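# Summary of structural features
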Amino acid sequence: ADELEREFQLRGHEVFILDLNNPPKENPHSYQHLMQFMVRKVDVVVCFDGIGCRDDLFIEIWDASGAVVIDILMDPPLRFHTTLERHPANYFLFCCDLEHVEYVKKYFGQTVPYVAFMPHAGVMPPQDMPVIPYADRKYDVLFTGTYYHYQDRFAQIGQMFAEGSDMYRLYQRMFENLVHDSSLTIEKALLGTLEQFGWSVPEEMLKTMLRCSEAVDWTIRTWQRETVIHTLAEAGTELYLLGKGWQDYPGIRYPNVHVVDGWVHYGRTLEITAETRISLNVMPWFKAGTHDRIFNALLQRSVPLTDSSAWLSENFTDGVDIAYYDLKNLEQLPVIVQRLLDDVPYAEGIIERGYEKVANNLTWSNCAEWIIAMIQGQ
């Protein structure tokens, strides 16, 4: 939100950021100040993950003003069925995964008139920020993100369905299928599991089952994240973890595994990335999408080491402007890391080429332009 505010202001637009935590009216981001801002016509509202456009109050306000409402999903649409069914009249949806776009078209084509792909964006570092040479950086491999026990995430299924029931077994098998085949999307995993069970369900029931799959989505994400991290921990790689919950990760017993900090401000995450040689990414099960960890790594001149997606493989080349590992061949991951640490010119080449690509095409300045272009095209 801060990045978009600056970019819109640079283009001559007046911008107001509303704090939904309902601060006192004296706060510049309060509802009181919003009403003052809206004395003049509001043209565009930008929301993330439906926040600020799915409640009755906001639907009424934005519809009364005739505003175009942009909703940028940072997470899978299966989490937002209610928003996709009921939202402001001038509603435009962006998804960070091409498969998510097709999901919305397939299941919500009647209620979401416009949906398109929008990649994540990276934050450009300050122009006067010194660049730490690759060989002199403090951290060998950094992972930024939250840690959860995957079993705790799957336990949410048990809160919806009795353990041992047919539905519980269905989602349990679905998770096992995702573990077995990491190329499956959540939707394809559910459809395949239904076929294994010999079940045929109407579309409305299928949509409900997809909505209930959020717990499985979280479970496979966290399972895969821990599996990747554990591969490097056992290999002896100097690994640094940044984010909430890592003090509960069993692998912190290894002397080569270090917790940098818990929850920190997003800006601090970028500062730490700027001190890192290799920024490890595990895609959050976006099989045709993007993630800002990759773009921010390159803008902080760190090598992004990530599993791939259909979009990434079309736009970034392994060893040229990104480094890939394969979820199906994790035994090679420590080898890839060691080459990136040992071969400094190779790593620096990836960073330089990747930096140029992201700085020119995948920043919040680009995002502001995409939004403006979409509005002007209507």
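That block above? That's the structure.
Now for a look at the structure at hand. Owing to the predicted nature of the structure, the values given are computational and were not obtained by experimental measurement.

The subject of this paragraph is the pairing of strand 3 (residues 91-95). Counting buried positions along strand 3 yields 5 of 5 residues, so the element is predominantly enclosed. Side chains of strand 3 alternate between two faces, with Tyr-91, Leu-93 and Cys-95 and Phe-92 and Phe-94 buried alike. Sheet analysis places strand 2 (residues 68-73) next to strand 3, joined by 5 bridges and oriented parallel. In the sheet register, Val-69 faces strand 3, and the bridge partner there is Tyr-91. Where strand 3 meets strand 4 (residues 115-117), 3 bridges bridge the pair, whose relative direction is parallel. Across the sheet, the residue bridging to Leu-93 is Val-115, located in strand 4.

Turning our attention to the side chain of Thr-276. Relative to the assigned elements, Thr-276 resides in strand 8 (residues 276-281). On the basis of relative accessibility, which here comes to 0%, the residue Thr-276 falls in the buried class. Within the structure, Thr-276 has its side chain in polar contact with the backbone oxygen of Ile-272 (distance 2.9 Å). The residues contacting Thr-276, other than those within four sequence positions of it, are Arg-137, Tyr-139, Asp-140, Leu-142, Arg-301 and Ser-302.

On to unusual backbone geometry. Phi angles above zero are rare outside glycine, and Asn-22 is one such case at about 60°. By relative accessible area, which is 52% here, Asn-22 ends up exposed. At Asp-49, a residue that is not glycine, the phi angle is positive and equals roughly 55°. Secondary-structure assignment places Asp-49 in the loop between strand 1 (44-48) and helix 3 (56-65).

Turning our eyes to something else, we now look at the sheet that holds strand 10 (residues 323-324). Here we have 6 strands laid out as an open sheet, ordered 7-6-5-8-9-10, and parallel in their pairing. The sheet is open, and its two borders are formed by strand 7 (257-261) and strand 10, each paired with just one other strand. Bridge count between strand 5 (residues 139-144) and strand 6 (residues 239-242): 4 bridges; the pairing is parallel. Along strand 6, the bridge assignment pairs Val-141 with Leu-239. Across the sheet, helix 10 (residues 214-235) lies against strand 5, strand 6, strand 7 and strand 8, angled at about 150° from strand 6, the strand it touches most. Where helix 11 (residues 266-273) meets the sheet, its contacts fall on strand 5, strand 6, strand 7 and strand 8, and the angle it forms with strand 5 comes to roughly 155°.

The next subject is helix 6 (residues 150-160). Looking at helix 6, one finds that the buried residues are Arg-153, Phe-154 and Ile-157. Buried residues along helix 6 cover an arc of 95° about the axis, so they all sit on one side. Buried residues along helix 6 sit in contact with helix 7 (166-180), helix 9 (203-212) and helix 10.

Right, let's talk about the pairing of strand 5 for a bit. Taken residue by residue, a regular strand's side chains alternate between the two faces of the sheet. Burial of strand 5 is extensive: 5 of the 6 residues sit out of reach of the surface. Examined bridge by bridge, strand 5 and strand 8 share 4 bridges and lie parallel to one another. Bridge pairing in strand 8 places Leu-142 opposite Ser-279.

Right, let's talk about the nonpolar core for a bit. With 49 residues, the main nonpolar core has Leu-93 and Leu-178 as its most contacted residues. When sequence neighbours within four positions are dropped, the list of residues in contact with Leu-178 reads Leu-184, Thr-185, Ile-186, Ala-189, Val-216, Ile-220 and Trp-285. Of all hydrophobic cores here, the second largest spans 30 residues; its members include Val-303, Tyr-325, Leu-330 and Leu-341.

Right, let's talk about helix 15 (residues 344-361) for a bit. The terminal C-alpha atoms of helix 15 lie 26 Å apart, and with 18 residues this matches the ideal 26 Å at 1.5 Å per residue to within 8%. Those residues of helix 15 that sit buried are Ala-347, Gly-349, Ile-350, Ile-351, Gly-354, Tyr-355 and Val-358. Packing partners of the buried residues in helix 15 comprise helix 12 (292-299), strand 9 (303-306), helix 14 (333-342) and helix 16 (364-376). Where helix 15 begins, the side chain of Asp-343 points an oxygen toward the backbone nitrogen of Tyr-346, at a separation of 3.2 Å.

Take the environment of Pro-113 next. On the secondary structure map, Pro-113 appears in the loop between helix 5 (98-108) and strand 4. Once the C-alpha coordinates of Pro-113 and Ala-89 are considered, the two residues, 24 residues apart in sequence, prove to be 9.7 Å apart.

Let us look at the pattern of salt bridges. Pairing of side chains with opposite charge becomes possible as their charged atoms draw close. A full pass over the atoms with the stated rule returns 21 salt bridges. With a closest N to O distance of 2.4 Å, Arg-86 and Asp-56 form a salt bridge. Placement of the pair is Arg-86 in the loop between helix 4 (81-85) and strand 3 and Asp-56 in helix 3, with a sequence separation of 30 residues. A salt bridge links Glu-187 to Lys-106; its shortest N-O distance comes to 2.8 Å.

Okay, the packing of aromatic side chains next. The full count for this structure, using the stated rule, is 22 aromatic pairs. Taken together, a centroid distance of 6.4 Å and an interplanar angle of 25° make the contact between Tyr-31 and Phe-58 stacked. Here the residue Tyr-31 occupies a position in helix 2 (residues 31-37), and Phe-58 occupies one in helix 3, the gap between them amounting to 27 residues. For Tyr-31, a relative accessible area of 24% translates into the label partly exposed. Every member of this aromatic cluster is reached through a ring pair, and the members are Phe-117, Phe-295, Trp-311 and Phe-316. Over the ring of Trp-285 we find Lys-287; its NZ or CZ atom is 3.8 Å from the centre of that ring. Over the face of the ring belonging to Tyr-355 we find Arg-301, whose NZ or CZ atom lies 3.8 Å from the ring centre.

Criteria and thresholds
- Residues numbered from 1 in each chain as written.
- Predicted model: local features only at pLDDT ≥ 70, side-chain atom pairs only at ≥ 80, totals over all residues.
- Heavy atoms only, no water.
- Buried < 20%, exposed > 50% of the residue type's maximum accessible area, 1.4 Å probe, protein only.
- Helix = DSSP H or I, 4+ residues; strand = E, 2+ residues; numbered from the N terminus.
- Pairing = 2+ DSSP bridges.
- Polar contact = N/O pair within 3.5 Å; in protein donor to acceptor, adjacent residues only side chain to side chain.
- Contact = heavy atoms within 4.5 Å.
- Axes fitted to C-alpha atoms, helices over the stretch in contact; angles between N-to-C directions.
- Arc of directions from axis to C-beta.
- Core = buried A, V, L, I, M, F, W, Y, C linked by side-chain atoms within 4.5 Å.
- Expected span 1.5 Å × (residues − 1).
- Salt bridge = Lys/Arg side-chain N within 4 Å of Asp/Glu carboxyl O.
- Phe/Tyr/Trp six-rings, centres within 6.5 Å; stacked < 30°, edge-to-face > 60°.
- Lys NZ or Arg CZ within 6 Å of the ring centre and 35° of its normal.

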